[in-house]
Amino acid sequence: MSSFIPNQIFTTSGSLIDLLDKRLLVMLRDGRKIIGYLRSYDQYANLVLQDSIERIYVKDVYGDLDRGVFLVRGENVVLLGEIDNNKDDDLPLNQVSFAEALRIRDQEAEERQKQERVKNQLLHNQGFSVDFIETDLY
Amino acid sequence: MLFYSFFKTLVGQSVTVELKNDLSVTGTLVSVDQFLNIKLDNIRVENEEDCPHMMSVKNCFIRGSVVRYVRLPVAAVDTALLQDAARRETQQSTTSGRAA
Amino acid sequence: MADTLTATPAPAVPVPSTSVQEPLDLVRLSLDENIYVKLRGDRELRGKLHAFDQHLNMVLGDVEENVTTVELNAESQEEVVRTTTRKIDMLFVRGDGVILVSPPARAV
């Protein structure tokens, strides 16, 4: 394919084509991580993922939840990574239930939020712009 | 198109992409497109303890819009050429902008 | 008479490259000079401008980056404002994070 269209790899579709049908980790703008098989995509990096799971990582544990088929709008994609199955099988992390992972994460987030509020006010007073919402970062 | 062309000259070089969520990914630049989406191979994450999800990932596609910086190998950048190209590019875009 | 009401037509000859007609001309004149860039996320850069485009994407050389952070002391609940500095030899900066660009300071 690339032999008769040499510049093919320098388009969005060209660079995603070799990820088709691979198991990918997709990071979304809101911080969520989805793992699934890439079945389709377009030039905006809109994606269709099959047999997907949502995985919550917190500290040294993780929790999975089956999510089925996802169509992800491109603008919400931060990064796609091809998963090395050898490495994925022996992660130095322990699996817990999704509910447990969620609980630990929310606990941590609450703690952090309290501190952020104070910090942001201080930075604002110094003339820095303050991002209030996580998705505002991008 | 200046930076798209520029990044194409850097294919094969080792670069570090710093994302707006503070994730820093180092790897070999494989490809870039007109949105400055970036593909990296053999990746390594700078703050690995903060991102356990990246441990099993070997190559990745980064959406251009989430990039904050790309740290580049200084030897691979011809600064004189780059400045000339930037002067030409802006001259072009302003004249065509007025004509339109 | 009608002429006086119309906007000045674009000059037939190219404008001299030293004049400032639109905001980005100021950036063009800063090529190969040290500039200051303020970014979102409490970041500031100082470095030599090698390239830019209409989005204010830039390539800077010999960059010094300052990041201002606030840390909370757990015991005293006191806030400490800290600036972290790092040096980067060659850096591409994506334009959507840029708040302002300031040309090199003139000798006073």
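Residues numbered from 1 in each chain as written. Chains lettered and ligands numbered in written order. Predicted model: local features only at pLDDT ≥ 70, side-chain atom pairs only at ≥ 80, totals over all residues. Heavy atoms only, no water.

**Structural notes on a nonpolar patch on the surface**
Selection criterion: Within this analysis, patches are made of residues with over 30% relative accessible area and no salt bridge. Like charges are joined at 9 Å or less; nonpolar side chains (Val, Leu, Ile, Met, Phe, Trp, Tyr) at 5 Å or less. A 1.4 Å probe and the Shrake-Rupley method give the accessible areas. Residues count as covered only by the protein chains that appear here. Note on definitions: salt bridges are taken to be side-chain nitrogens of Lys or Arg within 4 Å of carboxyl oxygens of Asp or Glu. Strands are runs of DSSP state E lasting at least two residues, helices are runs of H or I lasting at least four, and both sets are numbered from the N terminus onward.
Taken together, C:Val20, C:Leu26 and C:Leu29 make up a surface patch of nonpolar side chains, about 230 Å² in accessible area. Residue placement: C:Val20 occurs in the loop between helix H1 (2-5) and helix H2 (23-28).

**Describing helix H3 (residues 98-125) of chain A**
In plain terms, the rule: Expected span, for any helix, means 1.5 Å times one less than how many residues it has. Residue exposure (1.4 Å probe, protein chains only): buried if accessible area is under 20% of the type maximum, exposed if over 50%, otherwise partly exposed. In this description, contact between two residues means that some pair of their heavy atoms is separated by no more than 4.5 Å.
Between the first and last C-alpha of H3(A) there are 40 Å, a value that for 28 residues agrees with the 40 Å anticipated at 1.5 Å per step. Along H3(A), the residues classified as buried are A:Phe98, A:Ala101, A:Ile104, A:Lys119, A:Asn120 and A:Leu123. Its buried side turned inward, H3(A) meets strand E3 (47-58) and strand E4 (61-72) of chain A together with strand E3 (58-72) of chain C. Two residues or fewer past H3(A), A:Gly127 is found with a positive phi of approximately 90°.

**Some thoughts on the confidence of the model for chain C**
Residue and element names in this part refer to chain C. Quick note on the threshold: Confidence of the prediction at every residue is given by pLDDT, a number between 0 and 100.
Chain-level pLDDT for chain C is 84 on average; 79% of the residues reach the 70-or-more range. Of all helices and strands in chain C, the one with the weakest mean pLDDT is H1 (49), whereas strand E2 (residues 43-52) scores best (97). Two numbers describe this predicted complex: its pTM, 0.83, and its ipTM, 0.90.

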